[in-house]
There are 2 protein chains.
Amino acid sequence: MSTIEQVQKHWQGVPFTSVEIQDAFWRPRLEVLKKTTVRTCLDQCEATGRIANFSKAAGLMDGEYEGMYYNDSDVYKVIEGAAYTLMLERDDKLEAELDMIIEKIRAAQEPDGYLSTYFTVCAPELKWSDMEKHEMYNGGHLIEAAVAYFEATGKRALLDVACRLADHYDSLFGPGKRHWAEGHEEIELALVKLYQATKQERYWKLALWLLEERGHGHGQGEIWNKPEWGPAYCQDDIPVREIERVTGHAVRAMYLYAAMADVVNVSGDPAYVGALQRVWSHTVERNMYVTGGVGPSVHNEGFTHDYDLPNESAYCETCAAIAMAFWNHRMNLLFGEAKYADLVETELYNGALSGISLSGDRFFYVNPLASQGAHHRVEWFHTSCCPTNLVRFIPSIGQYAYAATSDGIAVNQYVGGHADLETGCGKKVEVTQKTNYPWDGTIELTVNPEQARDFSVRLRLPGWCKGYRITINGEQTVILPKNGYLDLRRHWSQGDIVLLELDMPVEVVRSRPEVDANRGRVALQRGPIVYCLEQQDNPDLSYDGFKISPSGGIYVEHRPELLGGLTTLTVNSAQPGEKPYRLIPYYAWDNRQPGFMQIWMTEADNKQLYSH
Amino acid sequence: MSTIEQVQKHWQGVPFTSVEIQDAFWRPRLEVLKKTTVRTCLDQCEATGRIANFSKAAGLMDGEYEGMYYNDSDVYKVIEGAAYTLMLERDDKLEAELDMIIEKIRAAQEPDGYLSTYFTVCAPELKWSDMEKHEMYNGGHLIEAAVAYFEATGKRALLDVACRLADHYDSLFGPGKRHWAEGHEEIELALVKLYQATKQERYWKLALWLLEERGHGHGQGEIWNKPEWGPAYCQDDIPVREIERVTGHAVRAMYLYAAMADVVNVSGDPAYVGALQRVWSHTVERNMYVTGGVGPSVHNEGFTHDYDLPNESAYCETCAAIAMAFWNHRMNLLFGEAKYADLVETELYNGALSGISLSGDRFFYVNPLASQGAHHRVEWFHTSCCPTNLVRFIPSIGQYAYAATSDGIAVNQYVGGHADLETGCGKKVEVTQKTNYPWDGTIELTVNPEQARDFSVRLRLPGWCKGYRITINGEQTVILPKNGYLDLRRHWSQGDIVLLELDMPVEVVRSRPEVDANRGRVALQRGPIVYCLEQQDNPDLSYDGFKISPSGGIYVEHRPELLGGLTTLTVNSAQPGEKPYRLIPYYAWDNRQPGFMQIWMTEADNKQLYSH
């Protein structure tokens, strides 16, 4: 697997702008994101002084720096997300508002290119003295915002700021210059993005250099000296090419691996391939929740020891789930294997989506898998990385739906709508999906090549799906999965119709026995959706005062009127006389009155009736 | 559970003649049974001297007795089965042929009522000297045939023979008369049937007495003295009300429990209830194959020790599978629980059905779960109980589809067609099922009560089904299972339509760890159908030289042209480069060229990818 040849066969992502989402699940979320979430995040950035910090740094207004030293990043992330919404639909008023903010950012940049308002305003003498003070983290998010805004509007102002900043980094750091092991990864993947936008090779080379700096004792700062954290907290304990295990702060780790996947895509370094595959296995096999959540501990916002997956105290930062999607999307393109897109799906429908309310203006930073009733969505956080990550994640989900392969296209996510794609060799293919996914496993895919020709259409067979059927233009076709894809190679003509029927049964999920927290417990999943029991739907129950008996039948009911429309599960109580238990998708919890919630429920019996 | 009250709430069976089967699965089998199987069995009874034995006993012809001492029973069973086909469709020629045979039987009955041609012809002095010589076993099958033929034709000739025989038994055996522990159970359930047909209480009381005789040291004969068999072989080791464990010869054990369920239905003895529940659990939890097959050992045609379920050497006599259906049908009526009807289904589609070829004229006596290629269907057996059991089992399967409950009806099996039913309180209800079961889990049920009224329609939720949906007249209705049934209680009107959608995913089945034979192996099941890998479809494979990797996807394909029309499963080989494995339903194996077969396949990996 870990050969350089494999890397060189990598797939290409597709711009989310080529994917028009028209379905009952995501379309309303995109609308809410644009109408509500962008607005609320911009207002919060204003109200909390995050935008004013730029004005202060620029000398345009007086006053002290407000908030945390990484607050610039939230402004950048909102700009990035807002730019994505502009790409989907123009909005002159929003664009004008962003232009004004961008002008403040531009003004805040120092003459040499430096930009991190905390240091400019509060402590210019401390620049570059503590590698964990998010100077390059802020810079990374600026770069991502700048590339997005340039692509959305064609305006170069912010991109110029970004290039000046990147060039400033390049002037200070690199081979023969100063060492730097950035405490919170982000700059690395941003620099690759900047390289892709500008074609300036120095940017990806700087990203590579920054990756290679890690794990050689160059790290300096407060964090490194705290014995309970140390260099592993920010993945500075081992050279990246030697990584075996996921460690430290979860978001940082995921951003690091995402960046490694980006860089190897350019560099082709086989050592990175091996490291990525090892750490992916270590992450998903031993350190991931059923929701796709990662990072169990509040202490380090990150990883602890293998199989440590407590439910009530699960940290599972929303950003970490989003970053898992970022990383796994890149892994999918790198290796062409569906198992990575499976996890993008897991995050889309569970671990990441749970971070935002249905109304789009309430958020979870922490996504536990159980709550006694005290965990609730709020409007904003002192450290508000999660809302601003959702702002850029949700509008761009179209990019996860397809990939261009060397010999055709791959369908990675089943989302109703339409896409204008190109195969890896540049041939145009229009694709339409009709589906009620994730509530139903039937997908009708219409393939319209610009010209009839031979190519491959790969359909991801989700990991949760065992049995499936396919017809092409009404004819049964035996196609077995390879690397998790059903590879339909044929002469495609305008209007060819693929009907894919995925069995979508309710699954009773059990943890590995090593997971102490879930011993004697089960979770219910249907398709990609993980379910939870919320007090709202079960007012007579007490937290942990009930037992589920999954061996009985489970009533599957689509309820268009409930919580934006979702499919519920209803299962008999194991206690005679008790009302049936009603479960809703985990992503939809805490959108009503407060109450307890559980994913992993105590199992009344785990008796296999028959001997076979 | 084991209260007398429960027994008194028992359900009523429905005559199979009230159920018209019109579907793609069973209808062709009923046709083949009538056209081919009845014919071939009659011809074989003729050719092997089984019918001539009656003429010889009657003094109508000369010659020695031919075959085994229980050969009379095959003739009776063919008459019974043929009578069932007459009930479904008149056939004067067949009826005339049966009348001629019946005349020979009548002539063979001795003046005092005794009838067992072996003893009449060969050894009259040995009558009633060895309790294992099937005298009452033969008599039981005569009684069942007589009741069936009377119901089919209204002709009393055979019923009169049966009553004279039963009265003869009653004159010899019973309280204060001779002891008798019949070596092969069958007479007991036959006597209950005779009681139901004639309303003569002495018949069920004699059945009860015969059951109560067991386990008190009354057994005498060759078998009892063989140390390796002893009284447990024919369930004479323990009084029936104390039974805890399934023992001995499998068919005999099943017939015993079926008879106990019959008798308790009349007697209401709670000790029988407890014994039946205990022995049922012991049978299915520790001594049943995934096909529903029971009795692993050729040595005693029966049970050995718990979890002894070898595959290649599995005996699993066809008669034992049929008898499991008999017993479980009675358990279902007695306790009103779907888990028993689940096992009727298992036998219908697997363990019993495998006993007959698609052509209807080749049979398995032994139904192993794996074969290296030497196990094949044949036309007849020296001991030919299995073909003649199939002759009476298949035409009467309509009886398993429904039951009358005190408050309505229960739908136990999903079979397309039409039924004229009565609720337990005598109200008429016509029911129509439209379904492609067992290949599809969607069932449309039309309920037509003679008059609109409140009653209950219970739908069995099969044990293999987790998720399901129901609409009544198009409206979603949350109904949770109780005792395995979805109990639809409402005001039913003409033309009410229930749409039941059962998730029917492919299931990867694993044995309990105690089953040595299946360690490291998995089986595939979809709906009620257990699959097998047959060499025919996989010519490149060698027996046990392959490994299945069930974590990949499984292509589900309905093939109307293959083996009478069935759904196949295709799954990737775990060995790179090998062709995919193709599986067919187990019941359909050995209907083409010889070759190996496996149900439990070695698993390439059993790795749970994710930690949760």
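Looking at an unreviewed UniProt entry, one finds chain A named Glycoside hydrolase family 127 protein, with Paenibacillus endophyticus as its source organism.

Asks: I tried to follow the UniProt feature "domain: Non-reducing end beta-L-arabinofuranosidase-like GH127 middle" (unreviewed entry) in chain A on my own but got confused; where do I start?
Replies: As recorded in UniProt, the feature "domain: Non-reducing end beta-L-arabinofuranosidase-like GH127 middle" (unreviewed entry) lies at residues 409-504 of chain A. Secondary structure over residues 409-504 of chain A splits into 0% helix and 60% strand, and the C-alpha atoms at its two ends are 24 Å apart.

Asks: I would appreciate a short explanation of the sheet that holds strand β1 (residues 12-13) of chain A in the present structure.
Replies: The strands that make up a sheet pair up through hydrogen bonds in the backbone, lying either parallel or antiparallel. Residues and elements named next belong to chain A. In spatial order, the strands read β1-β4-β5-β9-β13-β12; together these six strands make up an open sheet with mixed pairing. Edge strands, defined here as strands with exactly one partner in the open sheet, are β1 and β12 (481-482). Bridge count for β1 against strand β4 (residues 402-405) is two bridges, and the pairing is antiparallel. By the bridge assignment, Q12 is partnered in β4 with A404. Helix α15 (residues 338-351) contacts β9 (453-460) and β13 (485-492) of the sheet and is inclined by roughly 55° relative to β9.

Asks: What is the right way to look at the environment of V391 of chain A in this model?
Replies: All names here are of chain A. Along the chain, V391 falls in helix α16 (residues 385-393). In this structure V391 comes out as buried when scored by relative accessible area, which is 0%. V391 sits 358 residues away from L33 along the chain, and the two C-alpha atoms are 6.9 Å apart. Each residue touching V391, except ones within four places of it in the same chain, is listed here: L33, T37, V38, C41, K77, V78, G81 and A82.

Asks: I tried to follow the interface of chain B and chain A on my own but got confused; where do I start?
Replies: Where the parts come together, the accessible area they lose is often given as the size of the interface. Between chain B and chain A, the contact holds 58 residues from the first and 58 residues from the second. Roughly 4300 Å² of surface becomes buried between chain B and chain A when both sides are summed, with 54% attributable to carbon and sulfur atoms. Applying the counting criterion to the chain B and chain A interface returns zero salt bridges. In terms of residues, the side of chain B that touches chain A owes the most to one element, strand β18 (residues 554-559) of chain B, which gives five residues. The residue makeup of the side of chain B that touches chain A, split by class, is 31 nonpolar, 14 polar and 13 charged.

Asks: Please explain the sheet that holds strand β5 (residues 408-411) of chain B as it appears in this structure.
Replies: Residues and elements named next belong to chain B. Taken together, the six strands give an open sheet; going across it, the order is β1-β4-β5-β9-β13-β12, and neighbouring strands pair in mixed fashion. Each having just a single partner strand, β1 (12-13) and β12 (481-482) make up the two edges of the open sheet. When β12 meets strand β13 (residues 485-492), the two strands line up antiparallel, connected through two bridges. Paired with K482 across the bridge in β13 is Y485. Strands β9 (453-460) and β13 of the sheet are contacted by helix α15 (residues 338-351), whose axis makes an angle of about 55° with β9.

Asks: Can you walk me through the relation of the copies chain B and chain A in this structure?
Replies: Think of it as a corkscrew move, a rotation about one axis and a shift along it, taking one chain copy to the other. Of the two same-sequence chains, chain B is brought onto chain A (RMSD 0.0 Å, axial shift 0.0 Å) by a rotation of 180°. Viewed as a symmetry operation, the transformation between the two copies matches a two-fold axis. When C-alpha distances to the rotation axis are compared across chain B, the minimum falls at P505 of chain B, with a value of 3.2 Å. Both copies share a contact surface, since 100% of the interface residues of chain B are interface residues in chain A too.

Asks: Got a minute to help me understand the domain arrangement of chain A in this structure?
Replies: Under the domain assignment, chain A is made up of domain 1 (48-216), domain 2 (407-502) and domain 3 (506-602). Domain 1 of chain A and domain 2 of chain A are separated by 39 Å when their C-alpha centres are compared.

Asks: Honestly, unusual backbone geometry in this entry has me stumped. Any pointers?
Replies: If a residue is not glycine, its phi is most likely negative; likewise, a peptide bond is most likely trans. Look at the link from Y437 of chain A to P438 of chain A: it is a cis peptide, with omega at 0°. Looking at the secondary structure, you find P438 of chain A in the loop between β7 (428-435) and β8 (442-449). Although it is not a glycine, H134 of chain B adopts a positive phi angle of roughly 60°. Here H134 of chain B lies in the loop between α6 (117-121) and α7 (135-153).

Asks: I would appreciate a short explanation of the packing of aromatic side chains in the present structure.
Replies: Geometry of an aromatic ring pair is reported as the spacing of the ring centres plus the angle between the planes. Counted by the stated rule, this structure contains 71 aromatic pairs over all chains. Taking 6.0 Å as the distance between ring centres and 35° as the angle between the ring planes, the aromatic pair formed by F455 of chain B and W492 of chain B counts as tilted. Taken together, the positions of F455 of chain B in strand β9 and W492 of chain B in strand β13 put the pair 37 residues apart, joining distant regions of the chain. One aromatic cluster is present, built from ring pairs that chain together F25, W26, Y349, Y414, Y437, W439, W464 and Y587 of chain A. Its end group placed over the ring of F25 of chain A, R29 of chain A keeps NZ or CZ at 4.1 Å from the ring centre.

The rules behind each value
- Residues numbered from 1 in each chain as written.
- Chains lettered and ligands numbered in written order.
- Predicted model: local features only at pLDDT ≥ 70, side-chain atom pairs only at ≥ 80, totals over all residues.
- Heavy atoms only, no water.
- UniProt positions renumbered as here; feature names shortened; annotations may be inferred.
- Helix = DSSP H or I, 4+ residues; strand = E, 2+ residues; numbered from the N terminus.
- Pairing = 2+ DSSP bridges.
- Contact = heavy atoms within 4.5 Å.
- Axes fitted to C-alpha atoms, helices over the stretch in contact; angles between N-to-C directions.
- Buried < 20%, exposed > 50% of the residue type's maximum accessible area, 1.4 Å probe, protein only.
- Buried area = accessible area lost by both parts, 1.4 Å probe.
- Salt bridge = Lys/Arg side-chain N within 4 Å of Asp/Glu carboxyl O.
- Nonpolar A, V, L, I, M, F, W, Y, C, P; charged D, E, K, R; others polar.
- Least-squares fit on C-alpha atoms with pLDDT ≥ 70 in both.
- Domains from an automatic or database assignment.
- Phe/Tyr/Trp six-rings, centres within 6.5 Å; stacked < 30°, edge-to-face > 60°.
- Lys NZ or Arg CZ within 6 Å of the ring centre and 35° of its normal.

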